[in-house]
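Here are the chains, one letter per residue:
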Protein chains: 2
Amino acid sequence: MSLLIRDPFVGGTPTSIYIEDGRIAALGEERPADETIEAAGLHAFPSLKNGHTHAAMTLLRGYGDDLPLMEWLEKKIWPAEAHLTEEDVYHGTRLALLEMIRSGTTYLCDMYWHREGVCRAVEEMGVKGHVASVFIDLGDREKAREQRDRIAARLSDRDRHGPRVRMALGPHAIYTVSEESLEWIADLARKEDLLVHIHLSETRGEVEECRRRHGLSPARYLEKVGLVGPNLIAAHGVWLDAGERELLAAAGATVVTNPTSNLKLAVGGIFPYREAREAGLRVVLGTDGAGTNNNLDLIEEMKIAALVQKHRAEDPTCLPAAEALALATTEASEAFRLGPGGIEVGAAADLMLVDLSGPATTPVHDPVSNLVYAASGRDVHTTICDGEVLMRDRVVRVADEGEILAEAARAARALLARSGGAG
Amino acid sequence: MSLLIRDPFVGGTPTSIYIEDGRIAALGEERPADETIEAAGLHAFPSLKNGHTHAAMTLLRGYGDDLPLMEWLEKKIWPAEAHLTEEDVYHGTRLALLEMIRSGTTYLCDMYWHREGVCRAVEEMGVKGHVASVFIDLGDREKAREQRDRIAARLSDRDRHGPRVRMALGPHAIYTVSEESLEWIADLARKEDLLVHIHLSETRGEVEECRRRHGLSPARYLEKVGLVGPNLIAAHGVWLDAGERELLAAAGATVVTNPTSNLKLAVGGIFPYREAREAGLRVVLGTDGAGTNNNLDLIEEMKIAALVQKHRAEDPTCLPAAEALALATTEASEAFRLGPGGIEVGAAADLMLVDLSGPATTPVHDPVSNLVYAASGRDVHTTICDGEVLMRDRVVRVADEGEILAEAARAARALLARSGGAG
């Protein structure tokens, strides 16, 4: 299967992209191909990678916004999640992936319940993902054993959802998983070379509790249980101190910053991006779940990331547009082991074509600036994953969009009805 | 001329809106009309009002982003603005209004050069606006006299661009306009009952300089020159202290908060919204110019406003979605003298119909939450100003969109070529 994208702007210059067997095989050459996309006037960028999300939370989008955190969790989210089925998660994840494909995203690092539902959706929709079950034992040995057994059973056929769906481990956080389970997860991750996706240092309360219980900062505690290494994907990292940033950087770990979620939940701080980069720490970008965002548009997230970091640093040169784009593309490709992440020969053909000809993105003095600061996910025209065209000219090919929307809306209504929500 | 919008959701309930002579004449009644819009499934909201912008700066969108402020101004913006013509401003403003109409905005409070070009564009595109010339004299008496003469000459035919284009006065800031000119503007504003649109307390440097030069905080200095009153539209107000907030509130003045611009320029602070509201100060929302945003999408701006205020207050209940919408609708209508700003009988028919059926806004547990936190300006389906349909089903009626885009792009290229920019 070969694909020719004829004449899109690549870095501002019209450059044809020839794709074979899922990889970029030539740049600037027009070879005959099974499919040709006439892309003159469109701008090609690497597709976007979402470093931290709970995709199926789309079902709870806008359900109990603007409430105090514990009231939102206790009265809205937890009761609803207690009634989630695998089918709900499947429908909610398909809805999330539809939105992601529409906004140029072809990869997600997901952590949620009913993993099988997530995997089915990811496989069907043709994107790539690391899919982790949430692991929470709250110190309960029985709960811990059940979840470890389930993970162990899954290892043998971890590739059964195809090459784009990868297994990861998802210990929820240091305050919801026992030390014993964290150590077990660390051992398994090393042995099987699995990514470990965890919430880390999101709130001040978490840091204070960790110091009180363990006498250590959260990243130091992770080091103690053996989780600090190149496999670690730590979401948030808002309160990481200088020592923790150096520790994570030296280990080759990754922090996923989720600026919208942090602002919306009012965690009080802003991820120390400049200092993290100065320490050599790899940083990527995530939307978090739809409950705390409330969309999954990484184009919007790049803008908000750049804005809040400029604000935090009191310096408009901090996190410029090209760097914001790198967080969601090349840096993410490295963190998530997707190979080279740019538009280059040999890289996976994970691409988006963006229409910058609309009123919000005219004129185009700088395509990357327009993408990050002026565009919306709605401006994505074509989305390609491993050379497969998931959406072309704003028509999603891999799914029946109307059916996904209707089924997700139905599942959301039924879920709230079951869990006693008003809907 | 009458218009029936059949069955849109209004506050979550299907409710037909009947419009006659530019005003909402009935709600929930289906009267025969000259034009009928079938709106079942769409959500009707008051259209959005942009409280602070420099519309024609669309021509400089993305031109020199991520630079230190003074380098951006001195090497990019000022040289380009020095070469602006009235035709450039006309083309840039039309581009801005096209984007505004597409994203549900029907009003702008504008301050820029070549006012005649702005007025022509506003009149042609059918939106409403207060249009002010920038007034800057830098203490130069000759410059001051010229500008005062020009304003005086304009007073007699201030309504010549039709009832939707209103005159306002635009002293740039307290540090660029002489005290004598500020007093002259204050007198004229009182006598002619004109709005006065000024940048106020945007940067710490401005506050420090004002205290040094005048021994007063910026708002107190404005009071001294006679500008504090219900006519005052003060953009930014980031550094207003408690006394200033009370002073402005007691006078019935308005502050326009522009969160994206403040973050992007890294002014260091966040507008003290909660305290301002507690003092009874009227607050509205603006995008600022495209140079510091870089789009004019008030739907995105509502989200960013809500996010940064939750962050600042360390409280997720601060600036909830409905209040963010009010800043851009009902509060703005009051500030800008547009009459009642809600969807109610007797109000001007300034409306938008929004399509919340897409993947980013499904399911709809709460339409206002979806509008503010999940939607994009691209989800606006129909935009109506004074009962005139400016855009229907995403087709702009009042202008040739392709011609506006082409002319604006051409004007932007030519402007940079003339002013020595790289383009």
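Keep in mind the model is a prediction, meaning the values are calculated, not measured.

Student: In this structure, what is going on with the nonpolar core? I would like to understand it.
Tutor: Taken as a class, soluble globular proteins show a tendency for nonpolar side chains to be buried jointly. Counting 104 residues, the largest nonpolar core has Leu169, Leu222, Leu248 and Met302 of chain A as its most contacted members. In terms of domain composition, this core takes at least three residues from each of domain 1 (2-46 + 345-394) and domain 2 (48-335) of chain A. Contacts of leucine 222 of chain A, omitting those with residues within four sequence positions, involve Ile174, Ile198, Leu200, Leu227, Val228 and Leu232 of chain A. Counting residues in each nonpolar core, the second largest holds 103 residues, with Leu73, Leu98, Ala253 and Leu265 of chain B among its members.

Student: Mind showing me how you'd approach the side chain of threonine 58 of chain A here?
Tutor: The topology assignment puts threonine 58 of chain A in the loop between strand 8 (48-53) and helix 1 (69-82). Once residues lying within four places of it in the same chain are set aside, the contact partners of threonine 58 of chain A are Gly92, Leu95, Ala96, Ala290 and Leu296 of chain A together with Thr362 and Pro363 of chain B.

Student: Would you mind showing me how to read helix 3 (residues 115-125) of chain B here?
Tutor: An α-helical turn contains 3.6 residues, so any two residues separated by three or four positions project in the same direction. Every buried residue of helix 3 of chain B is listed here: Arg115, Gly117, Val118, Cys119, Ala121, Val122 and Met125 of chain B. Immediately beyond the C-terminal end of helix 3 of chain B, within one or two residues, lies glycine 126 of chain B, with a positive phi of roughly 85°.

Student: Would you explain the side chain of serine 178 of chain B in this entry?
Tutor: Residue and element names in this part refer to chain B. Mapped onto the elements, serine 178 comes out in the loop between strand 11 (165-171) and helix 5 (179-192). Only 2.7 Å separates the side chain of serine 178 from the side chain of aspartate 137, close enough to count as a polar contact. Among residues more than four places away in sequence, those in contact with serine 178 are Asp137 and Gly139.

Student: Before we go on, may I ask you to explain the interface of chain B and chain A in this structure?
Tutor: Accessible area lost during the coming together of the parts is what is often quoted as the interface size. Each side of the interface is counted separately: chain B has 62 residues, and chain A has 62 residues. Contact with chain A buries area across many residues of chain B, yet Asp66, Pro359 and His365 of chain B alone supply 15% of it, more than any other trio. Our count for the contact surface shared by chain B and chain A stands at eight salt bridges. Linking chain B to chain A there are 31 residue pairs in polar contact (both at pLDDT 80 or more).

Student: What's the story with the environment of threonine 330 of chain A in this structure? I'm lost.
Tutor: All names here are of chain A. Tracing the chain through its elements places threonine 330 in helix 13 (residues 330-335). Looking at threonine 330, the relative accessible area reads 33%, which means it is partly exposed. Considered as a pair, threonine 330 and glycine 358 are 28 residues apart in the sequence and their alpha carbons are 27 Å apart. Apart from residues lying up to four places away in sequence, threonine 330 is in contact with Gly341 and Gly342.

Student: For this particular structure, what's the right way to read the pattern of salt bridges?
Tutor: Here the structure, examined in full by the defined rule, presents 76 salt bridges over all chains. Of the charged contacts in the structure, one is a salt bridge between arginine 220 of chain B and glutamate 223 of chain B, with a shortest N-O distance of 3.4 Å. Here glutamate 223 of chain B and arginine 220 of chain B lie together in helix 7 (residues 218-224), a separation of three residues that amounts to about one turn. Arginine 220 of chain B sits in the partly exposed class, given a relative accessible area of 33%. The partner of glutamate 275 of chain B in a salt bridge is arginine 312 of chain B, with the nearest N and O atoms 3.0 Å apart. With glutamate 275 of chain B in helix 10 (residues 273-278) and arginine 312 of chain B in helix 11 (residues 298-313), the pair connects residues that are 37 residues apart, well separated along the chain. Each of Lys128, Arg164, Asp350, Asp386 and Glu388 of chain A takes part in a single network of salt bridges with overlapping partners.

Student: Any chance you could explain the relation of the copies chain B and chain A here in plain terms?
Tutor: Mapping between the two copies of the chain is achieved by a rotation about an axis and a shift along the axis. Superposing chain B onto chain A requires a rotation of 180° together with a translation of 0.0 Å along the rotation axis, leaving an RMSD of 0.0 Å. Here the transformation between the copies is reduced to the relation of a two-fold axis. Mapped onto chain A, 100% of the interface residues of chain B are again interface residues, and the two copies thus contact each other with one and the same surface.

Student: Please clarify how the domain arrangement of chain A should be interpreted in this entry.
Tutor: Residues and elements named next belong to chain A. For chain A, the assigned domains read domain 1 (2-46 + 345-394) and domain 2 (48-335). Relative placement of domain 1 and domain 2: their C-alpha centres are 28 Å apart. Taken together, the 23 residues of domain 1 in the interface contact 26 residues of domain 2. In total, domain 1 and domain 2 occlude about 2000 Å² of area from one another, counting both sides; carbon and sulfur atoms represent 64% of this. Run the count over domain 1 and domain 2 and you get four salt bridges. Measuring nitrogen to oxygen at the nearest pair gives 2.8 Å for the salt bridge that ties aspartate 350 to lysine 128. Of all the secondary structure elements, the ones that give two or more residues to the side of domain 1 that touches domain 2 are strand 7 (43-46), helix 14 (367-374), strand 17 (380-385) and strand 18 (388-392). Residue contributions to the side of domain 1 that touches domain 2 peak at five residues, all from helix 14. Grouping the amino acids of the side of domain 1 that touches domain 2 by side-chain chemistry returns 14 nonpolar, four polar and five charged.

Student: Can you walk me through the packing of helix 12 (residues 321-328) of chain B against helix 14 (residues 367-374) of chain B in this structure?
Tutor: Helix-helix packing: each pair is described by the crossing angle between the helix axes and the interaxial distance. All names here are of chain B. Contact geometry of helix 12 with helix 14 gives a least axis separation of 8 Å together with a crossing angle of 70°. Considered as vectors, helix 12 and helix 14 are oriented roughly perpendicular to each other. Only Val368, Ser369, Leu371, Val372 and Tyr373 of helix 14 make contact with helix 12, whose side of the interface consists of Ala321, Ala322, Ala324 and Leu325. Across the contact of helix 12 with helix 14, the residue classes break down as eight nonpolar, one polar and no charged.

Student: What should I look at first to understand the layout of surface pockets in this one?
Tutor: Empty space among the atoms can be located by rolling a probe the size of a water molecule over them. All names here are of chain B. In this structure, the largest pocket occupies an estimated 1300 Å³ of space. The set of elements that each furnish at least two residues to the lining of the largest pocket consists of helix 1 (69-82), strand 9 (105-112), strand 10 (128-135), helix 4 (141-155) and helix 6 (204-214). Examining the composition of the lining of the largest pocket, we find that eight residues originate from one element, helix 1, more than from any other.

Student: Looking at this structure, how should I read the environment of methionine 1 of chain A?
Tutor: All names here are of chain A. Mapped onto the fold, methionine 1 is located in the segment before strand 1 (2-6). Classification of methionine 1 as exposed rests on a relative accessible area of 65%. Sequence separation of methionine 1 and alanine 33 is 32 residues, and the distance between their C-alpha atoms is 7.9 Å. With residues near it in sequence (within four places) discarded, methionine 1 still touches Ile19, Glu20, Asp21, Asp34 and Glu35.

Student: When you look at the pairing of strand 5 (residues 23-27) of chain B in this model, what are you seeing that I'm missing?
Tutor: Across a regular strand the side chains alternate sides, sitting on one face of the sheet and then on the other. Residues and elements named next belong to chain B. Alignment of strand 4 (residues 17-20) against strand 5, held across four bridges, turns out to be antiparallel. Note on strand 5: the bridge partner recorded for glutamate 20 is arginine 23. In sequence, strand 4 turns back onto strand 5 through a hairpin of two residues, with aspartate 21 there showing a positive phi of about 50°.

Student: Explain helix 5 of chain B to me, please; I cannot follow it from the model alone.
Tutor: Residue and element names in this part refer to chain B. Compared with an ideal rise of 1.5 Å per residue, which puts 14 residues at 20 Å, helix 5 spans 20 Å between its outermost C-alpha atoms and is within 8% of the ideal. If you check which residues of helix 5 are buried, you get Ser181, Leu182, Ile185, Ala186, Leu188 and Ala189. Residues of helix 5 that are buried sit in contact with strand 10, helix 4, strand 11, strand 12 (195-200) and helix 7. Directly after helix 5, the chain includes aspartate 193, whose backbone phi takes a positive value near 55°.

Student: I keep staring at the packing of aromatic side chains and nothing clicks. Help me out?
Tutor: The description of an aromatic ring pair uses the distance of the two centres, along with the angle that the planes make with each other. Applying the stated rule across the entire model yields two aromatic pairs over all chains. Just above the ring of tyrosine 90 of chain B sits the side chain of arginine 120 of chain B; from NZ or CZ to the centre is 4.1 Å.

Student: So what exactly am I meant to see when it comes to the pairing of strand 12 (residues 195-200) of chain A here?
Tutor: All names here are of chain A. The buried fraction of strand 12 amounts to six of the six residues, a majority that puts the element mostly inside the structure. On strand 12, burial covers both faces: Leu195, His197 and His199 on one face and Val196, Ile198 and Leu200 on the other are all buried. With helix 5 (residues 179-192) bridging strand 11 (residues 165-171) and its parallel neighbour strand 12, the resulting β-α-β unit is right-handed. As defined by bridge partners, strand 12 adjoins strand 13 (residues 232-236) across five bridges and the pair is classed as parallel. Within the sheet, the bridge partner assigned to leucine 200 lies in strand 13 and is histidine 236.

Student: Please explain unusual backbone geometry as it appears in this structure.
Tutor: With glycine set apart, most residues show a phi of negative sign, and most peptide bonds adopt trans. With omega at -5°, the peptide bond leading from threonine 362 of chain A into proline 363 of chain A counts as cis. Mapped onto the elements of the fold, proline 363 of chain A is located in the loop between strand 16 (351-354) and helix 14. Geometrically, the link from asparagine 293 of chain B to asparagine 294 of chain B is a cis peptide bond, its omega value of 5° lying close to zero. Mapped onto the secondary structure, asparagine 294 of chain B falls in the loop between strand 15 (282-285) and helix 11. Its identity is not glycine, yet histidine 114 of chain B carries a phi of approximately 55°, on the positive side. With a phi close to 60°, aspartate 288 of chain B is a non-glycine residue in the positive phi region. The topology assignment puts aspartate 288 of chain B in the loop between strand 15 and helix 11. Taking the relative accessible area as the measure of exposure, aspartate 288 of chain B reaches 5% and is therefore buried.

About the thresholds
- Residues numbered from 1 in each chain as written.
- Chains lettered and ligands numbered in written order.
- Predicted model: local features only at pLDDT ≥ 70, side-chain atom pairs only at ≥ 80, totals over all residues.
- Heavy atoms only, no water.
- Core = buried A, V, L, I, M, F, W, Y, C linked by side-chain atoms within 4.5 Å.
- Buried < 20%, exposed > 50% of the residue type's maximum accessible area, 1.4 Å probe, protein only.
- Domains from an automatic or database assignment.
- Contact = heavy atoms within 4.5 Å.
- Helix = DSSP H or I, 4+ residues; strand = E, 2+ residues; numbered from the N terminus.
- Polar contact = N/O pair within 3.5 Å; in protein donor to acceptor, adjacent residues only side chain to side chain.
- Buried area = accessible area lost by both parts, 1.4 Å probe.
- Salt bridge = Lys/Arg side-chain N within 4 Å of Asp/Glu carboxyl O.
- Least-squares fit on C-alpha atoms with pLDDT ≥ 70 in both.
- Nonpolar A, V, L, I, M, F, W, Y, C, P; charged D, E, K, R; others polar.
- Axes fitted to C-alpha atoms, helices over the stretch in contact; angles between N-to-C directions.
- Parallel < 35°, antiparallel > 145°, perpendicular 65-115°, else oblique.
- 1 Å grid on protein atoms, 1.4 Å probe; cavity = no way out; pocket = protein on both sides within 12 Å on 5 of 7 lines; lining within 4 Å.
- Points joined across faces, edges and corners; volume = space filled by probe spheres on them.
- Pairing = 2+ DSSP bridges.
- Expected span 1.5 Å × (residues − 1).
- Phe/Tyr/Trp six-rings, centres within 6.5 Å; stacked < 30°, edge-to-face > 60°.
- Lys NZ or Arg CZ within 6 Å of the ring centre and 35° of its normal.
- Right-handed = clockwise from strand over helix to strand, strands pointing away.

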